[in-house]
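One-letter residues, chain by chain:
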Amino acid sequence: MDMINEFDKDKLARINELAKFAKERKLTSSEEKERGILRKEFLENFRSGFRQQLSNIKVVHPDEVIEEEEITVEIEETVEV
């Protein structure tokens, strides 16, 4: 998946490692801060890739073609940013 290539695999492994630690013990304040930063970066990357995929979709109805601007407005209204 391209999103995972863009988001460093080492960072994803670190997120998983911190999640495992959190199940086993209380995270230190520096680990919690690191986890928060990595999660935020991951979500930003994921949302960006998802928006890109959605922007490449063109909806065609048998009777009409919906303009891309209309789709973008509908997506922005339904997707929480």
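None of these values were measured; they are calculated from a predicted model.

Draft legend 1. Expanded view of the pattern of salt bridges. Per the counting criterion, the structure on display carries five salt bridges. Glu17 is the salt-bridge partner of Arg14, the closest N and O atoms lying 2.7 Å from each other. Of this pair, Arg14 and Glu17 both sit in helix H2 (residues 9-24), three residues apart, which is roughly one turn of that helix. Owing to a relative accessible area of 22%, Arg14 belongs among the partly exposed residues under this scheme. With a relative accessible area of 35%, Glu17 lands in the partly exposed category.

Calculation rules
Residues numbered from 1 in each chain as written. Predicted model: local features only at pLDDT ≥ 70, side-chain atom pairs only at ≥ 80, totals over all residues. Heavy atoms only, no water. Salt bridge = Lys/Arg side-chain N within 4 Å of Asp/Glu carboxyl O. Helix = DSSP H or I, 4+ residues; strand = E, 2+ residues; numbered from the N terminus. Buried < 20%, exposed > 50% of the residue type's maximum accessible area, 1.4 Å probe, protein only.

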